[in-house]
Amino acid sequence: MKNYWKKQGITESAIKNFFEIIEKKQVPIENLDHTLREMAKHYKELMAKVATLSSDDPKVAKLREQAKQALDNGDFGQAEQLFNQASELDISAAKRAQETANKRLVSAAESLAANGELKMTQLAYREAGEYYERAAKLLPVGNDEILASYLNKAVYAFQYVSLYNQAKPLYERSLAIREKVFG
């Protein structure tokens, strides 16, 4: 059996941990062989997955390497903690990146809306409506008042040049947003 474990790339520490898990889970002796083989299969898949993990954040990469070492040492609890820390770092970075991206999208939408105003000034209503509509599409979730405003401006511009089929769905969407926001 020991050769089987080595072929699977399982360290003696991990084997010890497997038996501790089996004892804790109270696996009946008649299921021992099947259960150990199942655990070995999952462990091998885990180690293959861990080998493919990468990150451009050196802190996350270091935590994952430490987790791999913990797995090699059979310290599953430590590995779990390290993977959780790596995950939290990535989540935090992703949230900051999303906040930055959302601010940039709002800024881009404001520029498009400014072009809508420019086209309104030039009496180019169709183009104005198109700019407002594009601005509305760019806005991230959570900017309902601004979204309703851009939609209304697009409606006004499209109605001015009798593009009622383009205006109607935008008006309905704007109305629904305003009812949700203002009651």
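Up top you'll find the structure we're talking about.
Summarised in this report is the structure supplied together with it. For clarity, every value in this text was computed on a predicted model and none was experimentally measured.

Right, let's talk about the packing of helix 5 (residues 76-121) against helix 7 (residues 144-160) for a bit. The axes of two packed helices give the description: the angle between them and the distance between them. The geometry of helix 5 relative to helix 7 is characterised by a closest axis approach of 12 Å and an angle of 25 degrees between their N-to-C directions. Considered as vectors, helix 5 and helix 7 are oriented roughly parallel to each other. Relative to helix 7, helix 5 is oriented so that their crossing is left-handed. Taken together, the residues of helix 7 that come into contact with helix 5 (itself represented by Ala 109, Glu 110, Ala 113, Glu 117 and Met 120) are Tyr 150, Lys 153, Tyr 156 and Ala 157. Across the contact of helix 5 with helix 7, the residue classes break down as 6 nonpolar, no polar and 3 charged.

With that out of the way, let us pick up the packing of helix 2 (residues 12-25) against helix 3 (residues 32-52). Between helix 2 and helix 3, whose axes approach to 11 Å, the crossing angle comes to 130 degrees. Classified by the angle between their axes, helix 2 and helix 3 sit oblique to one another. Handedness of the crossing formed by helix 2 with helix 3: right-handed. Residue-level contacts link Ala 14, Phe 18, Phe 19, Ile 21 and Ile 22 of helix 2 to Leu 32, Thr 35, Leu 36, Met 39, Ala 40 and Tyr 43 of helix 3. Of the residues contributing to the contact of helix 2 with helix 3, the split by class is 10 nonpolar, 1 polar and no charged.

Okay, helix 6 (residues 125-138) next. Here helix 6 is 14 residues long and its end C-alpha atoms lie 20 Å apart, about the 20 Å a rise of 1.5 Å per residue gives. Along helix 6, the positions that sit buried rather than exposed are Tyr 125, Ala 128, Gly 129, Tyr 132, Ala 135 and Ala 136. Considered in projection along helix 6, the buried side chains sweep an arc of 125 degrees and stay on one side of the axis. Check the buried side of helix 6 and you find it contacts helix 5 and helix 7.

Rules used in this analysis
Residues numbered from 1 in each chain as written. Predicted model: local features only at pLDDT ≥ 70, side-chain atom pairs only at ≥ 80, totals over all residues. Heavy atoms only, no water. Axes fitted to C-alpha atoms, helices over the stretch in contact; angles between N-to-C directions. Helix = DSSP H or I, 4+ residues; strand = E, 2+ residues; numbered from the N terminus. Parallel < 35°, antiparallel > 145°, perpendicular 65-115°, else oblique. Left-handed = near helix turned anticlockwise from the far one by under 90°. Contact = heavy atoms within 4.5 Å. Nonpolar A, V, L, I, M, F, W, Y, C, P; charged D, E, K, R; others polar. Expected span 1.5 Å × (residues − 1). Buried < 20%, exposed > 50% of the residue type's maximum accessible area, 1.4 Å probe, protein only. Arc of directions from axis to C-beta.

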